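# What the coordinates show
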Amino acid sequence: MRVLTEFNRRRTGLMSIIIVLLVLGVGQSFTGVPMLFAQPDYYAQFKDAAGIRAGDKVRVVGINVGLVHSVEINGDKVLVGFTLGSIQIGKDSRAAIRTDTILGRKDIEIEPRGSERLRPGGVLSLGQTTTPYRIYDAFFDATKAATGWDIDAVKRSLNVLSHTIDQTYPHLSDALDGVRRFSDTIGQRGDQFKHLLVNAQSLLAAVKERGQAITSLLERVDAFEQEVRGVVADNPNLGHVLEQLRTVSDVLVQRKGELAEVLVLASRFFASLGEGLASGPYFKAMLANLLPGQLLQPFVDAAFKKRGIDPEQFWRDAGLPAFRFPDPNGTRLPNGAPPPAPPVLEGTPDHPGPAVPPGSPCSYTPAADGLPRPGDPLPCALLDRGPFGPVPGAYPAPELATSAPKPNGLPPTPGIPIAGVPGLAPPDVLGTPVPGPPAAPPGARTGSQNVQTGG
């Protein structure tokens, strides 16, 4: 191991001092190297300095990012130089001088705008800067505005205002007193108001919790509405059926008392009937055909109102669609019934159907002046208006095996005698009558009043 001598310690100490001096010198000289510590300068033009000085802060969105380093007069404007540290702003940015403290210290607030970057040394023009509104500006504007006043008019206005206040003083006092009492009432009811607000918050929370349930309910109601619309669209005569059902319901309501009485009498009858059946085999025998049917049938028909019914009115009241009405050029059945309706053409490759589109005029009950006749067996086929108004584009013609029009065809003629009320002519029926047997019994259903006898 080598031991340091006195000469070596001196040399080491001298070298240490030289190294420290070199470090300090180099460190002090770094601040003068622009490439290492220099910050870019930016400038903004203001119409006046507004109290800004070198050393004031520069802020971007409320954060200190730099300082003002110069304030110079540039013609009729003031050119303020400042730094932004590492922040970059756009060419369309805005600069505003604001009051930073109540003692009047100013700062510059930068509002970054624009996508094109403002290069170092760039200038924000006078149109991009604003200065604060100071007290002497307010006095100057007020003095400028007051120079054109009519002093006499102002005096008269103030006198009128003073007189008006004097006259309204009692009412104004009462109004202020009412406001004071209202304020006292609110102060006394403070706890109740707090309780009311708590209850309101609870109500809002409950409504919020039930919001999803209400939404689900509304969705189901909407789905139900869509289903109902589909049912109505698929059944054009549903409205007429519901109307008839309403009529039946009204009749039942009107006859509610009679129905209740019938049920009471029926209970007594069934009680007696049960006792009779339980007492012996007396109900096992039945007496029938005590009188000829030709004598009983008119009374049965009259009792059940089966005579004198107009067939076409009956079909219209029942809501029968127009394409289901009998063919007026057809032949009646042997028992005197009207001819069948024209066959529908559907369910085949040539006629896939439906033969009558739902909602078309032929799918509804025809009007009294639109009933089938020999000259026009299917009047509904030519209609361009539905029950709810005109149909845009009209409906396609129904596919029915309708007979050819016969302008000179046989109109509706009276039916068989048994269909009429005794003593009156039977109702008219469509179609060609079928002659019955020449020796038909009285009141026979197959007879016809149009039978031609020979001789």
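Being a predicted model, the structure only gives us computed values, none of them experimental.

### Comments concerning the overall build of the chain
- When you go through the chain residue by residue, the secondary structure sums to eleven helices and twelve strands.
- Going through the 455 residues of the chain one by one, you find that 22% of them count as buried.
- Within the chain, contacts between residues separated by at least 24 positions form 63% of all contacts whose residues are at least 6 apart in sequence.
- Carbon and sulfur atoms make up 62% of the accessible area of the chain, which amounts to about 33,100 Å² in all.

### Some details on the state of the cysteines
- Inspection of every chain in the model, using the stated rule, returns one disulfide.
- Cys362 shares a disulfide with Cys380; S-S distance 2.0 Å. Disulfide Cys362-Cys380: torsion about the S-S bond near 95 degrees, hence right-handed. Within this pair, whereas Cys362 is found in the loop between helix H11 (311–317) and strand S9 (385–386), its partner Cys380 is found in the loop between H11 and S9, the two being separated by 18 residues in sequence. For the pair Cys362 and Cys380, a shared accessibility class is recorded, and that class is buried.

### A few points about unusual backbone geometry
- With a phi close to 60 degrees, Ala50 is a non-glycine residue in the positive phi region.
- Among the secondary structure elements, Ala50 is positioned in the loop between strand S1 (41–46) and strand S2 (57–60).
- Residue classification places Ala50 among the buried residues on the basis of a relative accessible area of 4%.
- At Val61, a residue that is not glycine, the phi angle is positive and equals roughly 50 degrees.

### Digging into the pattern of salt bridges
- Throughout the structure, instances matching the rule amount to twelve salt bridges.
- Salt-bridge contacts for Arg229 lead to Glu225; the nearest nitrogen and oxygen are separated by 2.7 Å. Remark: Glu225 and Arg229 occur in helix H7 (residues 211–234); sequence separation between them is four residues, near one turn of the helix.
- You can call Glu225 partly exposed: its relative accessible area is 33%.
- With its nearest N and O atoms 3.6 Å apart, the salt bridge here joins Glu258 to Arg255.
- According to the relative accessible area criterion, Glu258 is partly exposed, its value standing at 39%.
- A relative accessible area of 48% places Arg255 in the partly exposed class.
- What emerges from the salt-bridge pattern is a single network uniting Arg59, Arg98, Asp107 and Glu109.

### Points about the environment of Gly336
- With respect to the element layout, Gly336 can be found in the loop between H11 and S9.
- Assessed through its relative accessible area of 18%, Gly336 is described here as buried.
- Between the C-alpha atoms of Gly336 and Ile416, which are 80 residues apart in sequence, the distance is 6.0 Å.

### As for the side chain of Ser360
- Among the structural elements, Ser360 can be located in the loop between H11 and S9.
- Under the relative-accessibility criterion, Ser360 is labelled buried at 3%.
- Here Pro357 takes part through its backbone oxygen, which lies 2.7 Å from a polar atom of the side chain of Ser360.

### Some words on the nonpolar core
- Grouped together as the largest cluster of nonpolar side chains are 20 residues, with contacts concentrated most on Val58, Phe82, Leu84, Ile108 and Ile110.
- Where this core is concerned, the elements lending two or more residues are S1, S2, strand S3 (63–74), strand S4 (77–83), strand S5 (94–99) and strand S6 (106–111).
- Apart from residues lying up to four places away in sequence, Ile108 is in contact with Ile52, Lys57, Val58, Arg59, Val68, Val80, Ala95, Ala96 and Ile97.
- Phe323, Ala355, Cys380 and Leu400 belong to the second largest nonpolar core, which has eight residues in total.

### Regarding helix H6 (residues 190–209)
- Taking 1.5 Å as the rise per residue, H6 with 20 residues should run 28 Å; its terminal C-alpha atoms sit 29 Å apart, in good agreement.
- Along H6, only zero of the 20 residues are buried, which leaves the element largely exposed.

### Let's talk about the environment of Ala44
- With respect to the helices, strands and loops of the structure, Ala44 is situated in strand S1.
- In this structure Ala44 comes out as buried when scored by relative accessible area, which is 0%.
- Sequence-wise, Ala44 and Lys77 are 33 residues apart; in three dimensions their C-alpha atoms are separated by 9.9 Å.
- Ignoring sequence-local partners within four residues, the contact set of Ala44 consists of Val78, Leu79, Val80, Phe82, Ala95, Leu124 and Thr129.

### Quick notes on the pairing of S2
- Inspection of the sheet shows S2 paired to S3 by four bridges, in the antiparallel sense. Bridged to Lys57 within S3 is Leu67.
- Hairpin connection of S2 to S3: two residues between the antiparallel strands, including Val61 at a positive phi of 50 degrees.
- The pairing of S2 with S6 spans three bridges and is classified as parallel. Residue Val58 lies in a different strand from S6, and its bridge partner there is Ile108.

### A short note on the sheet that holds S3
- Read from one edge to the other, the open sheet built from eight strands follows the order S7-S1-S4-S3-S2-S6-S5-S8, with strand pairing classed as mixed. The open sheet is flanked by strand S7 (123–124) and strand S8 (129–130), the only strands paired with a single partner.

### With respect to a nonpolar patch on the surface
- Side chains of Trp149, Ile151, Val154, Leu158, Leu161 and Ile165 sit close together on the surface and give an oily, nonpolar patch of about 600 Å² of accessible area.
- Following the sequence through the fold, Trp149 ends up in the loop between helix H3 (135–146) and helix H4 (151–167).

### Focus on the packing of aromatic side chains
- Taken as a whole and assessed by the stated rule, the structure comprises two aromatic pairs.
- For the pair Trp315 and Phe325, a centre-to-centre distance of 5.6 Å together with 85 degrees between the ring planes defines the contact as edge-to-face. You can see Trp315 sitting in helix H11 and its partner Phe325 sitting in the loop between H11 and S9, a full ten residues away along the chain.
- A relative accessible area of 1% places Phe325 in the buried class.

Basis of the calculations
- Residues numbered from 1 in each chain as written.
- Predicted model: local features only at pLDDT ≥ 70, side-chain atom pairs only at ≥ 80, totals over all residues.
- Heavy atoms only, no water.
- Helix = DSSP H or I, 4+ residues; strand = E, 2+ residues; numbered from the N terminus.
- Buried < 20%, exposed > 50% of the residue type's maximum accessible area, 1.4 Å probe, protein only.
- Contact = heavy atoms within 4.5 Å.
- Areas by Shrake-Rupley, 256 points an atom, 1.4 Å probe, with all protein chains shown as cover.
- Disulfide = S-S within 2.5 Å.
- Salt bridge = Lys/Arg side-chain N within 4 Å of Asp/Glu carboxyl O.
- Polar contact = N/O pair within 3.5 Å; in protein donor to acceptor, adjacent residues only side chain to side chain.
- Core = buried A, V, L, I, M, F, W, Y, C linked by side-chain atoms within 4.5 Å.
- Expected span 1.5 Å × (residues − 1).
- Pairing = 2+ DSSP bridges.
- Patch = residues over 30% accessible without salt bridge, like charges linked within 9 Å, V, L, I, M, F, W, Y side chains within 5 Å.
- Phe/Tyr/Trp six-rings, centres within 6.5 Å; stacked < 30°, edge-to-face > 60°.

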